[in-house]
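Here are the chains, one letter per residue:
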Amino acid sequence: MDFLRPASWEEALAAKAEHPSAVPIAGGTDVMVEINFDHRRPEYLLDLNRVADLYEWETGEDTVRLGASVPYTKIMENLRSELPGLALASHTVASPQIRNRGGVGGNLGTASPAGDAHPALLAAGAEVEAESVRGSRRIPIDDFYTGVKRNALAPDELIRAVHIKKADGPQQYSKVGTRNAMVIAVCAFGLALHPGTRTVRTGIGSAAPTPVRATVAEDFLNAALEEGGFWDNGKIITPSVAKEFAGLCAAACNPIDDVRGTASYRRHAVGVMARRTLTWTWESYRGARRTSEGAA
């Protein structure tokens, strides 16, 4: 196994073009586990730790451009207001040591359905900035996951950044594990309210071959909120609506039985998390409305 160590982004792209099979490594929190357990033995490792701009982020008027290697700790400390769902997801990642090393780019590159960042990225409607010596492109997060631990990157492409819309409404994230830390998700759920477009987006992790959205549940809830005038009147969402939404989210799953949990438990847990996160986010939205109306 050869070790490639570019000093710049341009050198990294050139190395990836010359060695398309090279496996990128930055935090190493996924790749090194696979190597240490002899589950993977790549011909080349492409070390991106010296590429400084991968550790930077930019906050624009509407979006955040998050470098692929920005550690989860930095997201928690600096982007809680702009990216609340991703900040909450970052809190659930492993241990402080791993949160100091790992980043969203590694989650996306590995594309494991259990990756902690995926539900939050799906709910927020992120775009992945991929680049090669041939040029750069943005891949909508809905099109990024193509199979079990497979993604839409071409062999010569690297993930440079993730573009995420700044939250214009409450966001939530929930994760079920066999313990409270250092655990792979049994299942996870992310939800984001987008009052500007009067829409709701979801993200489900570790309950299907890939991270997925519960699009039928979203369509149902979007219609129910609009027909009931909930965005304008700020009323409590009725239990029947919350129950139907939860059931449709559970139905969006296609889980397996494994050592962490059964398929039936995963479906049940996703439904419970969907109902709870909807309640939490909607109460936050109602509270913000009351505060705004009081100030007016």
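Quantities reported herein were computed from a predicted structural model and do not represent experimental measurements. (Residues numbered from 1 in each chain as written. Predicted model: local features only at pLDDT ≥ 70, side-chain atom pairs only at ≥ 80, totals over all residues. Heavy atoms only, no water.)

Caption draft 1: Summary view of the nonpolar core. In this structure, Leu86, Val104, Leu108, Leu121, Ile141 and Ile164 are the most contacted members of the largest nonpolar core, which totals 45 residues. Other than its neighbours up to four places away in sequence, Leu121 contacts Leu86, Val104, Leu108, Ala126, Ile141, Tyr145, Val162 and Ile164. Counting residues in each nonpolar core, the second largest holds 31 residues, with Ala208, Val212, Trp231 and Ile237 among its members. (Core = buried A, V, L, I, M, F, W, Y, C linked by side-chain atoms within 4.5 Å. Buried < 20%, exposed > 50% of the residue type's maximum accessible area, 1.4 Å probe, protein only. Contact = heavy atoms within 4.5 Å.)

Caption draft 2: Quick peek at the pattern of salt bridges. Using the criterion set out here, one finds 19 salt bridges in the structure. Asp47 is the salt-bridge partner of Arg5, the closest N and O atoms lying 3.1 Å from each other. With a gap of 42 residues between them, Arg5 in the loop between β1 (2-4) and α1 (9-18) and Asp47 in strand β3 (residues 44-47) connect regions that are remote in the sequence. With a relative accessible area of 5%, Asp47 lands in the buried category. Taking the shortest distance from any N to any O, the salt bridge between Arg213 and Glu218 comes out at 2.4 Å. In the salt-bridge network here, residues are joined through shared partners; they are Asp142, Arg201, Arg213 and Glu218. (Salt bridge = Lys/Arg side-chain N within 4 Å of Asp/Glu carboxyl O. Helix = DSSP H or I, 4+ residues; strand = E, 2+ residues; numbered from the N terminus.)

Caption draft 3: A look at the sheet that holds strand β11 (residues 171-176). What the three strands build is an open sheet, ordered β11-β12-β13; its pairing is antiparallel. Of all strands in the sheet, those bounded by a partner on one side alone are β11 and β13 (199-205). Here the average twist between neighbouring strands, direction ignored, is 10 degrees. In this sheet, strand β12 (residues 187-194) lies alongside β11 in antiparallel orientation, the contact comprising six bridges. By the bridge assignment for β12, Gln172 is matched with Leu191. Seen against the sheet, helix α12 (residues 263-295) touches β11, β12 and β13 and runs at an angle of roughly 30 degrees to β12. (Pairing = 2+ DSSP bridges. Axes fitted to C-alpha atoms, helices over the stretch in contact; angles between N-to-C directions.)

Caption draft 4: Broad picture of the side chain of Arg266. Structurally, Arg266 can be placed in helix α12. Classification of Arg266 by relative accessible area gives buried; the value is 2%. If we skip the residues at most four places from it in the chain, Arg266 touches Val186, Cys187, Ser206, Ala207, Pro255, Ile256, Asp258, Arg260 and Gly261.

Caption draft 5: Just the pairing of strand β6 (residues 127-132), in detail. Across the six residues of β6, five count as buried, placing the element largely inside the fold. Bridge count for β6 against strand β7 (residues 135-140) is six bridges, and the pairing is antiparallel. In the strand pairing of β7, Glu129 is matched with Arg138. From the end of β6 to the start of β7, which pair antiparallel, there are two residues.

Caption draft 6: Examining the packing of helix α11 (residues 239-251) against α12 more closely. Interhelical geometry of α11 versus α12 gives an angle of 140 degrees and a closest axis separation of 8 Å. Relative to α12, the element α11 is oriented oblique. Here α11 and α12 pass one another in a crossing that is right-handed. For the pair α11 and α12, contact is made by Ala242, Phe245, Ala246, Cys249 and Ala250 and by Arg267, Val270, Gly271, Ala274, Arg275 and Leu278, respectively. Here the contact of α11 with α12 is built from residues that sort into eight nonpolar, one polar and two charged. (Parallel < 35°, antiparallel > 145°, perpendicular 65-115°, else oblique. Left-handed = near helix turned anticlockwise from the far one by under 90°. Nonpolar A, V, L, I, M, F, W, Y, C, P; charged D, E, K, R; others polar.)

Caption draft 7: Local environment of the sheet that holds β6. Spatial ordering of the open sheet is given by β4-β5-β10-β6-β7, a layout of five strands whose pairing is antiparallel. A strand with exactly one partner marks an edge of an open sheet, and here the two such strands are β4 (57-59) and β7. The sheet shows a mean angle of 20 degrees between the axes of neighbouring strands, taken without regard to direction. Its contacts with the sheet put α1 on β6 and β10 (158-165), and the angle it makes with β10 is roughly 120 degrees.

Caption draft 8: The arrangement of the packing of aromatic side chains in detail. The final tally for this structure, using the stated rule, is five aromatic pairs. When the centroid spacing of 5.6 Å and the interplanar angle of 85 degrees are considered together, the rings of Phe144 and Tyr145 count as edge-to-face. Overall, the relative accessible area of 0% leaves Phe144 in the buried class. On the basis of relative accessibility, which here comes to 10%, the residue Tyr145 falls in the buried class. Aromatic pair Phe230 and Trp282: ring centres 6.5 Å apart, planes at 80 degrees, arrangement edge-to-face. Taken together, the positions of Phe230 in helix α10 (residues 230-233) and Trp282 in helix α12 put the pair 52 residues apart, joining distant regions of the chain. Ring pairs connect the aromatic residues Phe230, Trp231, Trp282 and Tyr285, which therefore count as one cluster. (Phe/Tyr/Trp six-rings, centres within 6.5 Å; stacked < 30°, edge-to-face > 60°.)

Caption draft 9: Spotlight on the UniProt feature "domain: FAD-binding PCMH-type" (unreviewed entry) in the chain. The positions UniProt marks with the feature "domain: FAD-binding PCMH-type" (unreviewed entry) are residues 1-169. Taken end to end, residues 1-169 is 33% helix and 25% strand, and its two terminal C-alpha atoms sit 47 Å from one another. (UniProt positions renumbered as here; feature names shortened; annotations may be inferred.)

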